[in-house]
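Residues per chain, in single letters:
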There are 2 protein chains.
Amino acid sequence: MGERIHATYWLETGDDPARAAEVIAGEQSSGTFVALPGETPELKARAGARVERLELLETVAQPSLPVAKASARYTRCVLALSWPIENLGPSLPNLLATVAGNLFELRQVSGLRITGLRLPPSFAAAYPGPAFGIAGTRRLAGVEHGPLIGTIIKPSVGLSVAETSGQVQQLVDGGIDFIKDDELQADGPACPFDQRVRAVMRVVRDAAERTGRKAMVAFNLTGELDQMKRRHDLVLAEGGTCVMASLNSIGLVGLTELRRHSQLPIHAHRNGWGYLTRCPALGWDYAPWQQIQRLAGADHLHVNGLANKFSESDESVIAAARAVLAPLWDHAPMHAMPVFSSGQTGRQARPTFDALGTADLIHAAGGGIFGHPGGVAAGVTAMREAWNAAMAGEAIDEAARTRPALQAALGFW
Amino acid sequence: MGERIHATYWLETGDDPARAAEVIAGEQSSGTFVALPGETPELKARAGARVERLELLETVAQPSLPVAKASARYTRCVLALSWPIENLGPSLPNLLATVAGNLFELRQVSGLRITGLRLPPSFAAAYPGPAFGIAGTRRLAGVEHGPLIGTIIKPSVGLSVAETSGQVQQLVDGGIDFIKDDELQADGPACPFDQRVRAVMRVVRDAAERTGRKAMVAFNLTGELDQMKRRHDLVLAEGGTCVMASLNSIGLVGLTELRRHSQLPIHAHRNGWGYLTRCPALGWDYAPWQQIQRLAGADHLHVNGLANKFSESDESVIAAARAVLAPLWDHAPMHAMPVFSSGQTGRQARPTFDALGTADLIHAAGGGIFGHPGGVAAGVTAMREAWNAAMAGEAIDEAARTRPALQAALGFW
């Protein structure tokens, strides 16, 4: 038996579900709309996608997506398909065209969402996965236990180089573990990448000499390939320990090439993820998407945060984080680090830890740190104390009694 | 006045529309969820996105997308935003994070779709656009007037190298202008890319020696960057005149790098487009999306076809084709060639030509050619005759009276 690629979908169809499943399997392998002389039974047995499972869920009266021709009712189901690896070989770009190509546009489909992906071991041999992952990130950041307490440079865009490094000065003086550029911060003439990196790293290196621990700064190098390589080399030369890229901006080839070149962890930003996921009847669940990005080399993956300021539910956030923390294969786990952000404070420490059972994560707070009446250092301390309490199973109000920074934080969190 | 980037959106919000517009503008530039000490009026004036237009369309009782908190009603509007180029510089990857980044996830948004994009001339200076476009494609294919009559190798995947070149033999003997791989055909062990190219090009070159005109074959080289470059070089060495790539598989950096390397037209496949567009309240219109791909270097862009077998309406197909044919700038039109496919026959020639007023396109038919009772040559001839009639303003039934191949085709089209 050869290797097979497995994908699961949430499907809604106005057609007979078994027929719709066969149409999808056919369209994504040897078939087309009409019977073809060349599609012999032998060819179909060799190259055809196989319907592995079709589980009916419910029927509804209205289609979730606009359809070319109305039906009396629409059936929702779980559909599992598989393909022989021989159709494409262990190639992520070709995998995308196979499991997430034309099928979303099919006339038989009034809703289709890819929910799961199981890849054969040949993909683990063909792709490197994260170069640093959780262990490498902890080593570079000098954080053995607990989460990396992080923050984002704000305003997102508009600060000068001096204003940016001034903000970083405050943060490293306050003992922060991790700082990231906003994804809108690029290489504009008002805050050029090279000058920003030099000014920020001067501050970070000076602080590291004093404290013995170097804050990790994720510089946004998103751009064309030669720009990204050159920017990476500058960050490395300046003693930096992380680079950031917007995955939906650079695409899969961009990430794969950056991974090949990079000697630093890749902080993977998912901005644009909303257009891939926010319609429940279309697009992508995070589990299959992050799997592809991890294989290609993402070390840190954004998962939003509990009680976030966006529209995502807590349930979805936790499912995303669990997916990022799950091994891809037993022999090749390719662990990446989930990044929690968006309206975060120490109040999210306990529910986040309880849901995941681990603190192998980056927890980024903006106002939750800068808003502390005692200043940035007190804000960072309060975040850390909230996490220590969470990991010890201690209630946050209880823990705050003997911890003044945390106590002062609770008032505004 | 400096250059500005302009984007338009269809927006649905449960909030006050003017406030929602400001939140989106803020989130995508200098602002964040809360007021920040560093976001001074000067910084905001310099770096803030500007709401250029907000036109109310209608209100509805239910949100199009799931929302975190329900509202009594939801307002739909046209929103136009602009950004100073200084925020990011003329960079397509950074542009994506700015005009199509986090905004889709905002809590104020119950529907958001990017519908238009107007870029300042510095983008035209920074990016090359298509290397061949319409004129270069016509020259290489030896087709001066009318559309390139094309087809797709089917079954999509599963044919051996010999079976593939056998099918190509039939097609070039029949006088076809253009042949493409299916997007599922890659470099699997059952039909390796190199062997396929060598076998197919032998057939194509032999036919060209006899007829003086070389059919254009778009070989699907989608893969990692080094693979794509190597495959391109083989196609070029074998006398091939086109390569094909799946844009949503390789991403923007993949396309930009392929354009830098390529000496052949890039046939850009849009598979996966469904998950970007099929929910009317989310994602992308084709106009802004194809604009980015053309800037990066796509020569041919898929637009589906009239009366297609997918779920897209004719109106949407024509809007997409018009977008591809419209100049990007007067001084830098960067014309690309639209590709019509999916259930196409000569019956779509007239309405396609009438809607566009041009035959600067590729018209790909599968069953519409192979199904002809007189064989492939008669099928190709019938397609060409249907287009000649369309361009002459002649009714197809009228034209068929004196054209036997077309007459015979009308029965099964």
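Residues numbered from 1 in each chain as written. Chains lettered and ligands numbered in written order. Predicted model: local features only at pLDDT ≥ 70, side-chain atom pairs only at ≥ 80, totals over all residues. Heavy atoms only, no water.

J.: I keep staring at the overall build of chain A and nothing clicks. Help me out?
T.: Scanning chain A from N- to C-terminus turns up 17 helices and 13 strands. By the compact-globule yardstick of 22 Å for 413 residues, chain A fits well, its C-alpha radius of gyration being 24 Å. Dimensions of chain A, computed from C-alpha atoms along their principal axes, come out at roughly 75 × 45 × 40 Å. Put simply, 73% of the contacts in chain A that link residues at least 6 apart link residues at least 24 apart. If you sum the accessible surface of chain A, you get close to 14,100 Å²; carbon and sulfur atoms cover 51% of it. Counting 38 positive and 41 negative side-chain charges, chain A places the averaged centre of each group 1 Å from the other. (Helix = DSSP H or I, 4+ residues; strand = E, 2+ residues; numbered from the N terminus. Rg over C-alpha atoms; globule rule 2.2 N^0.38 Å. Contact = heavy atoms within 4.5 Å. Areas by Shrake-Rupley, 256 points an atom, 1.4 Å probe, with all protein chains shown as cover. Lys, Arg positive; Asp, Glu negative; His and termini not counted. Charge placed at Lys NZ, Arg CZ, Asp CG, Glu CD.)

J.: I tried to follow the sheet that holds strand 3 (residues 74-84) of chain A on my own but got confused; where do I start?
T.: The pairing of strands in a sheet happens through backbone hydrogen bonds and is either parallel or antiparallel. All names here are of chain A. Pairing in this open sheet of five strands is mixed, and the strands run 2-3-1-4-10 from one edge to the other. Each having just a single partner strand, strand 2 (50-60) and strand 10 (282-284) make up the two edges of the open sheet. Going across the sheet, the axis of each strand differs from the next one's by a mean of 15°, ignoring polarity. With 10 bridges connecting them, strand 1 (residues 4-13) and strand 3 associate as antiparallel partners. In the strand pairing of strand 3, threonine 13 is matched with threonine 75. Together, strand 1, strand 3, strand 4 (111-118) and strand 10 form the strand contacts of helix 3 (residues 92-99), whose direction differs from that of strand 1 by roughly 35°. (Pairing = 2+ DSSP bridges. Axes fitted to C-alpha atoms, helices over the stretch in contact; angles between N-to-C directions.)

J.: When you look at the pattern of salt bridges in this model, what are you seeing that I'm missing?
T.: Two side chains bearing opposite charge may form a pair once their charged atoms approach each other closely. The final tally for this structure, using the stated rule, is 46 salt bridges over all chains. Put simply, A:Asp226 and B:Arg260 hold a salt bridge, and the shortest N to O gap is 3.3 Å. Placement of A:Asp226 in helix 8 (residues 225-237) and of B:Arg260 in helix 9 (residues 247-261) is noted, with the two residues assigned to different chains. You can call B:Arg260 partly exposed: its relative accessible area is 48%. (Salt bridge = Lys/Arg side-chain N within 4 Å of Asp/Glu carboxyl O. Buried < 20%, exposed > 50% of the residue type's maximum accessible area, 1.4 Å probe, protein only.)

J.: What's the story with the environment of A:Arg50 in this structure? I'm lost.
T.: In this fold, A:Arg50 is placed in strand 2. With a relative accessible area of 37%, A:Arg50 lands in the partly exposed category.

J.: Can you walk me through the interface of chain B and chain A in this structure?
T.: Often, the extent of an interface is quoted as the loss of accessible area upon association of its parts. Between chain B and chain A, the residue contacts involve 90 residues of the former and 90 residues of the latter. Summed over both partners, the interface of chain B with chain A buries about 7,000 Å², with 57% contributed by carbon and sulfur atoms. For the chain B face of the interface with chain A, the top three residues by lost area are B:Glu105, B:Tyr275 and B:Arg278, together amounting to 12%. Across the contact surface, chain B and chain A share four salt bridges. Between B:Arg270 and A:Glu105 there is a salt bridge, with the nearest N and O atoms lying 3.8 Å from each other. Counting across the chain B and chain A interface gives 32 residue pairs in polar contact (both at pLDDT 80 or more). Elements with a contribution of two residues or more to the side of chain B that touches chain A: helix 2 (41-47), helix 3 (92-99), helix 8 (225-237), helix 9, helix 10 (273-277) and strand 10 (282-284) of chain B. Looking at the side of chain B that touches chain A, the element that brings in the most residues is helix 9 of chain B, giving 10 residues. Of the residues contributing to the side of chain B that touches chain A, the split by class is 38 nonpolar, 35 polar and 17 charged. (Buried area = accessible area lost by both parts, 1.4 Å probe. Polar contact = N/O pair within 3.5 Å; in protein donor to acceptor, adjacent residues only side chain to side chain. Nonpolar A, V, L, I, M, F, W, Y, C, P; charged D, E, K, R; others polar.)

J.: Looking at this structure, I do not really get the domain arrangement of chain A. What am I missing?
T.: Residues and elements named next belong to chain A. For chain A, the assigned domains read domain 1 (4-126) and domain 2 (133-412). The straight-line distance from the C-alpha centre of domain 1 to that of domain 2 is 36 Å. Taken together, the 22 residues of domain 1 in the interface contact 19 residues of domain 2. Interface area, domain 1 with domain 2, both sides summed: about 1,700 Å², of which 68% is carbon and sulfur. The interface formed by domain 1 and domain 2 holds one salt bridge in total. Residue arginine 113 pairs with aspartate 285 through a salt bridge whose shortest N-O separation is 2.8 Å. Mapped onto the side of domain 1 that touches domain 2, the elements with two or more residues apiece are helix 3, strand 4 and helix 4 (121-126). The greatest single-element share of the side of domain 1 that touches domain 2, amounting to eight residues, is contributed by strand 4. (Domains from an automatic or database assignment.)

J.: Before we go on, may I ask you to explain the relation of the copies chain B and chain A in this structure?
T.: Put simply, the second copy of the chain is the first one after a rotation about an axis and a shift along it. Mapping chain B onto chain A calls for a rotation angle of 180° and an axial translation of 0.0 Å; the resulting RMSD is 0.0 Å. Both copies are brought into coincidence by an operation consistent with a two-fold rotation axis. By C-alpha distance to the rotation axis, the residue of chain B lying nearest is B:Gly251, at 1.9 Å. Mapped onto chain A, 100% of the interface residues of chain B again fall at the interface, so both copies present the same surface. (Least-squares fit on C-alpha atoms with pLDDT ≥ 70 in both.)

J.: Explain the environment of B:Ser246 to me, please; I cannot follow it from the model alone.
T.: Relative to the helices and strands, B:Ser246 is located in strand 8 (residues 242-246). In the structure, B:Ser246 is positioned 79 residues away from B:Gln167 in sequence and 23 Å away in space, judged by C-alpha atoms. With sequence-adjacent residues up to four places away left out, B:Ser246 is seen in contact with A:Ala97, B:Glu183, B:Thr222, B:His269 and B:Asn271.

J.: Looking at this structure, how should I read the packing of helix 8 of chain A against helix 9 (residues 247-261) of chain A?
T.: Helix-helix packing: each pair is described by the crossing angle between the helix axes and the interaxial distance. Residue and element names in this part refer to chain A. One way to put it is that helix 8 packs onto helix 9 with a least axis distance of 10 Å and a crossing angle of 35°. For the element pair helix 8 and helix 9, the recorded crossing hand is right-handed. Two secondary-structure elements touch here, helix 8 through Leu225, Met228, Lys229, His232 and Asp233 and helix 9 through Ile250, Gly254, Glu257, Leu258 and His261. Looking at the contact of helix 8 with helix 9 residue by residue, the class counts come to four nonpolar, three polar and three charged. (Left-handed = near helix turned anticlockwise from the far one by under 90°.)

J.: When you look at helix 15 (residues 376-391) of chain A in this model, what are you seeing that I'm missing?
T.: Each α-helix winds once per 3.6 residues, and so residues spaced three or four apart point in a common direction. Residue and element names in this part refer to chain A. A rise of 1.5 Å per residue sets the reference length of helix 15, with its 16 residues, at 22 Å; its end C-alpha atoms lie 23 Å apart and thus fit the reference within 8%. Listing the buried residues of helix 15 in full gives Val376, Ala378, Gly379, Val380, Ala382, Met383, Glu385, Ala386, Trp387, Ala389 and Ala390. Glycine 393 sits one or two positions beyond helix 15 and adopts a positive phi of about 75°. (Expected span 1.5 Å × (residues − 1).)

J.: What am I meant to see in empty space enclosed by the protein here?
T.: Tallied over the full model, the rule gives four cavities of 30 Å³ or more. Put simply, the largest cavity is a space of about 440 Å³. Contributing to the lining of the largest cavity are 26 residues, with A:Asn248, A:Gly251, A:Tyr275, B:Asn248 and B:Gly251 lying nearest its centre. Of all elements in the fold, only helix 9, helix 10 (273-277) and helix 11 (286-296) of chain A together with helix 9, helix 10 and helix 11 (286-296) of chain B reach the threshold of two or more residues within the lining of the largest cavity. (1 Å grid on protein atoms, 1.4 Å probe; cavity = no way out; pocket = protein on both sides within 12 Å on 5 of 7 lines; lining within 4 Å. Points joined across faces, edges and corners; volume = space filled by probe spheres on them.)

J.: I would appreciate a short explanation of the confidence of the model for chain A in the present structure.
T.: Atom-level detail of predicted coordinates should not be read off regions where pLDDT is low. Of the residues in chain A, 98% have a pLDDT of 70 or more, and the chain-wide mean is 96. Both confidence scores are given for the complex: pTM 0.97, ipTM 0.97. (pLDDT = per-residue confidence, 0-100.)

J.: Whenever I open this one, the side chain of B:Gln290 confuses me. Can you help?
T.: When you line up the elements, B:Gln290 lands in helix 11. Other than its neighbours up to four places away in sequence, B:Gln290 contacts B:Leu301, B:Ala323 and B:Val324.

J.: Could you clarify how one ought to interpret helix 8 of chain A in this entry?
T.: For helix 8 of chain A, spanning 13 residues, the distance from its first C-alpha to its last is 18 Å, which sits close to the expected 18 Å at 1.5 Å a residue. Taken together, the buried positions of helix 8 of chain A are A:Leu225, A:Met228, A:Arg231, A:His232, A:Leu234 and A:Val235.

J.: Looking at this model, I keep getting lost on the side chain of B:Asn220. Mind explaining?
T.: Mapped onto the fold, B:Asn220 is located in strand 7 (residues 216-220). The contact partners of B:Asn220, leaving out residues within four places of it in the chain, are A:Asn94, B:Asp181, B:Asp182, B:Glu183, B:Gln185, B:Ala186, B:Phe193, B:Arg196, B:Met244 and B:Ala245.

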